[in-house]
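Single-letter residue listing:
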Amino acid sequence: RCVYAHFPININIEPKGKYVEIRNFLGEKRVRKVDMLEDTVIIRSETVKDQLILEGSNIQAVSRSAALIHQSCLVKKKDIRMFLDGIYVESKGEMKADE
């Protein structure tokens, strides 16, 4: 889930969900591109604003992809108690099979 105080974080997802581009993090002009690992696919949540959903069959690849997204938006050279902007993991778990 994206958290920001002043500058909204813009997220562009490639149509097949194989990589994500993160723009305007803390007002920076730099574009961060994060590739998803193996068969992990990223989609935007339709019910909750600024939430991303990662899906895949390999739980280690999905977890590492989420960690790469989180690490790409770490706040450097600022007080992290003040600058809480970033992309954080809200919940994790296996999806239930539809019956």
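Residues numbered from 1 in each chain as written. Predicted model: local features only at pLDDT ≥ 70, side-chain atom pairs only at ≥ 80, totals over all residues. Heavy atoms only, no water.

Asker: Describe the overall build of the chain, with residues and values.
Answerer: Helix and strand counts for the chain stand at one helix and seven strands. Scanning the chain from its N terminus toward the C terminus, one meets helices and strands in the order β-β-β-β-β-β-α-β. Over its C-alpha trace the chain gives a radius of gyration of 14 Å, about what one expects of a compact globule, namely 13 Å for 99 residues. Expressed along its principal axes, the backbone C-alpha trace of the chain runs to roughly 45 × 25 × 25 Å. For the chain, the proportion of its 99 residues judged to be buried stands at 28%. Counted over contacts in the chain with a minimum sequence separation of 6, partners at least 24 positions apart contribute 41%. By element, 53% of the accessible surface of the chain is carried by carbon and sulfur atoms, the whole surface being about 7,400 Å². Computing the positive centroid from 17 side-chain charges and the negative centroid from 15, the chain places the two 10 Å apart. (Helix = DSSP H or I, 4+ residues; strand = E, 2+ residues; numbered from the N terminus. Rg over C-alpha atoms; globule rule 2.2 N^0.38 Å. Buried < 20%, exposed > 50% of the residue type's maximum accessible area, 1.4 Å probe, protein only. Contact = heavy atoms within 4.5 Å. Areas by Shrake-Rupley, 256 points an atom, 1.4 Å probe, with all protein chains shown as cover. Lys, Arg positive; Asp, Glu negative; His and termini not counted. Charge placed at Lys NZ, Arg CZ, Asp CG, Glu CD.)

Asker: Give a detailed account of the layout of surface pockets, specifying residues and quantitative values.
Answerer: Sizing a probe to match a water molecule and rolling it over the atoms shows the empty space that remains. Approximately 770 Å³ is the volume attributed to the largest pocket. What lines the largest pocket is a set of 24 residues, among which Leu-54, Val-62, Ser-91, Lys-92 and Gly-93 lie closest to the centre. Of all elements in the fold, only strand E6 (52-55) and helix H1 (59-72) reach the threshold of two or more residues within the lining of the largest pocket. Counting residues per element, the lining of the largest pocket draws most heavily on H1, which supplies six residues. For the lining of the largest pocket, the per-class residue count stands at eleven nonpolar, eight polar and five charged. (1 Å grid on protein atoms, 1.4 Å probe; cavity = no way out; pocket = protein on both sides within 12 Å on 5 of 7 lines; lining within 4 Å. Points joined across faces, edges and corners; volume = space filled by probe spheres on them. Nonpolar A, V, L, I, M, F, W, Y, C, P; charged D, E, K, R; others polar.)

Asker: Explain the state of the cysteines to me, and be specific about the residues and the numbers.
Answerer: Applying the stated criterion across every chain, the model contains zero disulfides. Free cysteine: Cys-2, not disulfide-bonded; nearest cysteine sulfur from Cys-73 at 7.5 Å. On the accessibility criterion, Cys-2 (8% relative accessible area) is buried. (Disulfide = S-S within 2.5 Å.)

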